[in-house]
Amino acid sequence: MTLAHSTQPVPPEERRRTRVAPNAGTRAVRALQKGQQTRAAILDAALSLAAPVGLEGLSIGAIAEVLGMSKSGVFAHFGSREDLQIAVVREYHRRFERDVFYPALQQPRGLPRLRALFDLWMHQTALEIDSGCVYISGAVEFDDRPGPVRDELVQTVNTWQAAMRRAVQAAVAQGHLRPEADPHQIAFEIHGLILALHYDARFLRNPQGLQHARQGFENLLARHLC
């Protein structure tokens, strides 16, 4: 059979289906995009609420009111309050990586990158003085409450602490810190400085909190520099 013989007139109903299909596909794509935008807006509102009131302060009704949506509309994207809390933890972690971790990777391996990680983390903490930190408030809320939300919090914090330990290890490998420097101990003390900063600046309203945290970091490094 030749190409000429295989070309047959297209029936009118087939032509109609051909015209409708792309339109249906376009509508499906637009609906998907709208759904993604709505979900992103819900997450943004939930994260804004969770920062000052904590994960336990989140409610489907409060978020629906903020966004001018129905509760069923919010439920369509998050089947339960627990699902919403987990999604908020993941979104907070994603933004934390975007603002702290990935910018620090632009610095050379070793001490410059470790300094950048601490400086950016400290800056992020300073920005959250008035709103609150999901990692810290979540630890207070779920420290003794097993379940999926706590598991997600633990996983994200462990991921970040592992990144800090790798940065310390790289500083040792680059010859910036002494070979006997313990990455776990140094990462632990760095985390302690951030917790102290949050407490000092948020609870005690001490304007010297940032300076004390920075000096503490320098003191820590001085004990391990080659």
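Residues numbered from 1 in each chain as written. Predicted model: local features only at pLDDT ≥ 70, side-chain atom pairs only at ≥ 80, totals over all residues. Heavy atoms only, no water.

**Examining the overall build of the protein**
Applicable threshold: Strands are runs of DSSP state E lasting at least 2 residues, helices are runs of H or I lasting at least 4, and numbering of each runs from the N terminus. Throughout this description, buried means an accessible area under 20% of the type-specific maximum (1.4 Å probe, protein chains only), exposed means over 50%, and partly exposed covers the range between. Contacts were defined at the residue level, with two residues in contact if any of their heavy atoms lie within 4.5 Å. All accessible-area figures derive from a Shrake-Rupley calculation using a 1.4 Å probe, and residue coverage is judged against the displayed protein chains alone.
Within the protein, the regular secondary structure consists of ten helices and zero strands. Considering the protein as a whole, with its 226 residues, one finds that 35% of them fall into the buried category. Look at the contacts in the protein between residues 6 or more apart in sequence, and 70% of them connect residues 24 or more apart. Of the roughly 13200 Å² of accessible surface on the protein, 56% is carried by carbon and sulfur atoms.

**Section: the nonpolar core**
Stated precisely, the cut-off is as follows: Nonpolar core, defined: a set of buried Ala, Val, Leu, Ile, Met, Phe, Trp, Tyr and Cys residues in which side-chain atoms within 4.5 Å join the residues together.
Leu 55, Val 88, Leu 114, Trp 160, Leu 177 and Ile 190 are the most contacted members of the largest nonpolar core, which totals 56 residues. Contributions of two or more residues to this core are made by helix H2 (12-53), helix H3 (60-67), helix H5 (81-104), helix H6 (111-127), helix H7 (134-142), helix H8 (148-173), helix H9 (183-203) and helix H10 (209-222). Setting aside chain neighbours within four positions, we find Ile 190 in contact with Leu 114, Phe 118, Trp 121, Met 164, Phe 217 and Leu 220.

**Topic: the confidence of the model for the protein**
What counts is decided by this rule: pLDDT is a residue-level measure of predictor confidence that goes from 0 to 100.
Averaged over every residue, the pLDDT of the protein is 88; residues scoring 70 or more account for 86%. With pLDDT under 50 throughout, residues 1-7 is counted as low confidence; its partners more than four residues away or in other chains account for one contact.

**Looking at the side chain of Gln 124**
For Gln 124, the location among the structural elements is in helix H6. Gln 124 gets classed as buried once you look at its relative accessible area, which sits at 13%. Excluding residues that lie within four positions of it along the chain, Gln 124 makes contacts with Phe 96, Asp 99 and Val 100.

**A closer look at the environment of Leu 210**
Turning to its location among the elements, Leu 210 is positioned in helix H10. Residues Leu 210 and Leu 197, 13 residues apart in the sequence, show an inter-C-alpha distance of 6.6 Å. Filtering out sequence-adjacent residues up to four positions away, Leu 210 remains in contact with Met 122, Ala 126 and Leu 197.

**Overview of H8**
What counts is decided by this rule: Expected span of a helix: the number of residues minus one, times 1.5 Å.
Look at H8: 37 Å from first C-alpha to last across 26 residues, which is about the 38 Å you get at 1.5 Å a residue. By the burial criterion, the buried members of H8 are Val 149, Glu 152, Leu 153, Thr 156, Trp 160, Ala 163, Met 164, Ala 167, Val 168, Ala 170 and Ala 171. On its buried face, H8 is in contact with H5, H6, H7 and H9. Just beyond H8, the residue with positive phi is Gly 175, at close to 80 degrees.

**Observations concerning the pattern of salt bridges**
Our working rule: In the sections that follow, a salt bridge refers to a side-chain nitrogen of Lys or Arg positioned within 4 Å of a carboxyl oxygen of Asp or Glu.
Considering all chains together, one arrives at ten salt bridges under this definition. For the salt bridge of Arg 98 with Asp 99, the shortest nitrogen-to-oxygen distance reads 2.9 Å. Residue classification places Arg 98 among the partly exposed residues on the basis of a relative accessible area of 43%. What makes Asp 99 partly exposed here is its relative accessible area of 30%. With its nearest N and O atoms 2.5 Å apart, the salt bridge here joins Arg 115 to Glu 218. Separated by 103 residues along the polypeptide, Arg 115 in helix H6 and Glu 218 in helix H10 bring together distant segments of the chain. Owing to a relative accessible area of 27%, Arg 115 belongs among the partly exposed residues under this scheme. Looking at Glu 218, the relative accessible area reads 30%, which means it is partly exposed.

**Here's the deal with the environment of Gln 215**
Relative to the helices and strands, Gln 215 resides in helix H10. In this structure, the C-alpha to C-alpha distance between Gln 215 and Leu 193, residues 22 residues apart in sequence, is 9.8 Å.

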